[in-house]
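Tertiary structure, described
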Amino acid sequence: MAIKTVKSVDLKGKRIIMRVDFNVPMKGGVVQDDTRITAAIPTIQYILDQGVKTLALMSHLGDPVKDAKKAREKAEKDGKTFDYDAYIAGKHRMKPVAEYLSKKIGKPVVFADSCFGQKAFIDGQPDGAIIMLENTRFHKEETAKEAADRDTLAKELASYGDIFVNDAFGTAHRDHASTASIAKFAPISVAGFLMEKEVNYLEPIVTSPQKPLVAIIGGAKVSSKIAVLESLLKNASALVIGGGMAYTFFKAQGHKVGKSLVEDDQIETAKRILDAAKAAGVEIVLPLDQVGAETFDAAAAPVPVDGVDLSDNLMGLDVGPKTIAKYKETLDTAKTIVWNGPVGVFEFDAFAKGTEEVAKLVAATTAKGAITVVGGGDSVAAVNKFHLADKMSHVSTGGGASLELLEGKKLPGIEVCRG
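As the structure is a prediction and not an experimental result, all values here were calculated from the model.

Another aspect to go through is the sheet that holds strand E14 (residues 315–319). The strand order E13-E12-E14 describes an open sheet built from 3 strands, whose pairing is antiparallel. Only two strands of the sheet have a single neighbouring strand rather than two, namely strand E13 (303–305) and E14. The sheet shows a mean angle of 40 degrees between the axes of neighbouring strands, direction not considered. The pairing of strand E12 (residues 290–293) with E14 spans 4 bridges and is antiparallel. Residue Ala-293 lies in a different strand from E14, and its bridge partner there is Met-315.

What follows is the structure in structure tokens.
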């Protein structure tokens, strides 16, 4: 069933309560990266253009309780005084984000200092007013395990609007008060444009992709990607496996992996995936050559290895030229490509070439008409580092959410927007 969007309902004169993902990096109360804010603006602007009564925005910003606990422990360990209020103000309060958004869109954004007790304040605003609520995660009800506890906050938030709009794809996999529970109390629930775009690009990869489909799955650990690998086996013609997780597969095949990252408890899982791929006629593309180093360090000397086996003193940190040539051959005929996870330690310049070349190859395939989706997390950081994000069909704003959607799971924040 398709999702309903803001375009499917009459917004004129209505009060809108909208979940956005403004969980942006902050330093000293200053926004460091506004990608997620920018991504929500088309929906915000559309809503305002329809002549709404009010638009109340809500988001989380970090995890105040967990983050403050870690910061306090570190301060105590270092023998320093921990100022909770100053810490929270610098990293977790939404007021600086409200001020940033106001400058970005050229309109006033009024700040409400809590998620509770704001109905009279919101309803008292002039027509067309934009209100930003305080961090939803300041309230334990937001992430409570018990539905009844989440409902306490959800019911309050729903009272601030006639229509609930969810445009926070990055938290769509969370069954929280402001992302899913609120829909039980809101008269109408619809998706924003960002949510719609994410679903339209990611869901078909699992259900009905244009074939051939090639999936590039990298990153450090097999354990975090098992479900997505198994899901993509159903439709892919090839699975490119890179990054640290490749070494668990190598060990499963009996190769020497040196000091490389290996999850020994996932060896049998790797064997199972290899067997399943063989049975399904899906090609598994593992590195043919590598770039190793003696230590995991940005300053470590790169050691080219023309082959799969590594000596005991080396760890694999990137792929070599033969592997990149194989990637080109594999991607060349793809009609759909999904990429989740780097194929090397791209944060270290000496070991970034493999991931940079993958980004260039995916961009080139996009230019030839293929649908290319970068599925969140470190892959997004990689395409941004190499200035190639705008060369992809779609770059997802959600790490965990995109991964779970690719696993074939139903996400709470999306399901509440179904027709």
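Let us look at the sheet that holds strand E11 (residues 283–285). A sheet is described by the order of its strands in space; here 6 strands give the open sequence E11-E10-E9-E15-E16-E17, paired in parallel fashion. Pairing within the sheet leaves two strands with one partner each, and these edge strands are E11 and strand E17 (394–395). Here strand E10 (residues 236–241) runs beside E11; their pairing, made up of 3 bridges, is parallel. Its bridge partner being in E11, Val-240 is matched across the sheet by Val-285. This element, helix H12 (residues 353–367), spans strand E9 (213–217), strand E15 (336–340) and strand E16 (371–374) of the sheet and lies at about 155 degrees to E15. Running over the sheet, helix H13 (residues 378–385) touches E15, E16 and E17 and is turned about 105 degrees from E15.

Each packed pair of helices is defined by two parameters, the angle between the axes and the distance between the axes. Close contact between helix H1 (residues 35–49) and helix H4 (residues 95–105) brings their axes to 11 Å; oriented N to C, the two are set at 60 degrees. With respect to each other, H1 and H4 are oriented oblique. Where H1 crosses over H4, the handedness of that crossing is right-handed. Of the residues in H4, those touching H1 at Ile-37, Thr-38, Ile-41 and Ile-44 are Val-97, Tyr-100, Leu-101, Lys-104 and Ile-105. Within the contact of H1 with H4, the residues separate by chemical class into 7 nonpolar, 1 polar and 1 charged.

By secondary structure assignment, the location of Met-18 is in strand E1 (residues 15–19). Along the primary structure Met-18 and Pro-96 are separated by 78 residues, whereas in three dimensions their C-alpha atoms are 18 Å apart. Setting aside anything within four residues of it in sequence, one finds Met-18 in contact with Ala-40, Thr-43, Ile-44, Ile-47, Leu-55, Ala-56, Leu-57, Met-58, Val-165 and Asp-167.

One finds Phe-169, Leu-229, Leu-232, Leu-239, Phe-249 and Ile-414 to be the most contacted residues of the largest nonpolar core, which totals 47 residues. For this core, the secondary structure elements donating two or more residues are helix H7 (193–207), E9, helix H8 (226–232), E10, helix H9 (246–252), helix H10 (267–280) and helix H14 (399–406). Contacts of Ile-414, omitting those with residues within four sequence positions, involve Ile-3, Phe-169, Ala-172, Met-195, Val-199 and Leu-405. Of all hydrophobic cores here, the second largest spans 33 residues; its members include Leu-11, Val-20, Ala-40 and Ile-105.

A word on the pattern of salt bridges. Pairing is possible between side chains that carry opposite charge, provided their charged atoms lie close to one another. On inspection of all chains with the given rule, the structure shows 26 salt bridges. Within the structure, one salt-bridge network assembled from shared partners comprises Arg-15, Lys-119, Asp-123 and Asp-162.

For the structure shown, the criterion picks out 4 aromatic pairs. Between Tyr-247 and Phe-250 the ring centres are 5.7 Å apart and the planes differ by 65 degrees, which places this aromatic pair in the edge-to-face class. Taken as a pair, Tyr-247 and Phe-250 lie in helix H9 at a separation of 3 residues, close to a single helical turn. For the pair shown, Tyr-247 and Phe-250 are each scored as buried.

Take helix H3 (residues 84–91) next. When we look at burial in H3, the residues that qualify are Tyr-87, Ile-88 and Gly-90. The arc enclosing the buried residues of H3, seen along the axis, measures out at 165 degrees, which places them on a common side. On its buried face, H3 sits against strand E2 (26–27) and helix H2 (64–77). Among the residues of H3, the N-terminal cap falls to Asp-83, whose side-chain oxygen and the backbone nitrogen of Ala-86 are separated by 3.1 Å.

Before going further, it helps to examine the environment of His-60. Relative to the elements of secondary structure, His-60 occurs in the loop between strand E4 (54–58) and H2. On the basis of relative accessible area, His-60 is assigned to the buried category, the value being 4%. Once the C-alpha coordinates of His-60 and Thr-171 are considered, the two residues, 111 residues apart in sequence, prove to be 9.3 Å apart. If we ignore the near neighbours within four places in the chain, the residues touching His-60 are Arg-19, Asp-21, Phe-22, Asn-23, Met-94, Asn-135, Thr-136, Arg-137 and Thr-171. For His-60, the side chain forms a polar contact with the side chain of Arg-19, separated by 3.2 Å. Of note is the side chain of His-60, whose polar atom sits 3.3 Å from the side chain of Asn-23.

As a further point, take unusual backbone geometry. Each neighbour pair has its own omega, and for Lys-211 with Pro-212 the value is 5 degrees, a cis peptide bond. The topology assignment puts Pro-212 in the loop between H7 and E9. Backbone geometry places His-387, a non-glycine residue, at a positive phi of 55 degrees. Take His-387: it is sitting in the loop between H13 and E17.

Of the positions making up H4, those classed as buried are Pro-96, Val-97, Ala-98, Leu-101, Ser-102 and Ile-105. The inward-facing, buried residues of H4 contact E2, strand E3 (30–31), H1, E4, strand E5 (109–112) and strand E6 (129–133). Once H4 finishes, Gly-106 follows within two positions and takes phi at roughly 70 degrees, a positive value.

Analysis parameters
- Residues numbered from 1 in each chain as written.
- Predicted model: local features only at pLDDT ≥ 70, side-chain atom pairs only at ≥ 80, totals over all residues.
- Heavy atoms only, no water.
- Pairing = 2+ DSSP bridges.
- Helix = DSSP H or I, 4+ residues; strand = E, 2+ residues; numbered from the N terminus.
- Axes fitted to C-alpha atoms, helices over the stretch in contact; angles between N-to-C directions.
- Contact = heavy atoms within 4.5 Å.
- Parallel < 35°, antiparallel > 145°, perpendicular 65-115°, else oblique.
- Left-handed = near helix turned anticlockwise from the far one by under 90°.
- Nonpolar A, V, L, I, M, F, W, Y, C, P; charged D, E, K, R; others polar.
- Core = buried A, V, L, I, M, F, W, Y, C linked by side-chain atoms within 4.5 Å.
- Buried < 20%, exposed > 50% of the residue type's maximum accessible area, 1.4 Å probe, protein only.
- Salt bridge = Lys/Arg side-chain N within 4 Å of Asp/Glu carboxyl O.
- Phe/Tyr/Trp six-rings, centres within 6.5 Å; stacked < 30°, edge-to-face > 60°.
- Arc of directions from axis to C-beta.
- Polar contact = N/O pair within 3.5 Å; in protein donor to acceptor, adjacent residues only side chain to side chain.

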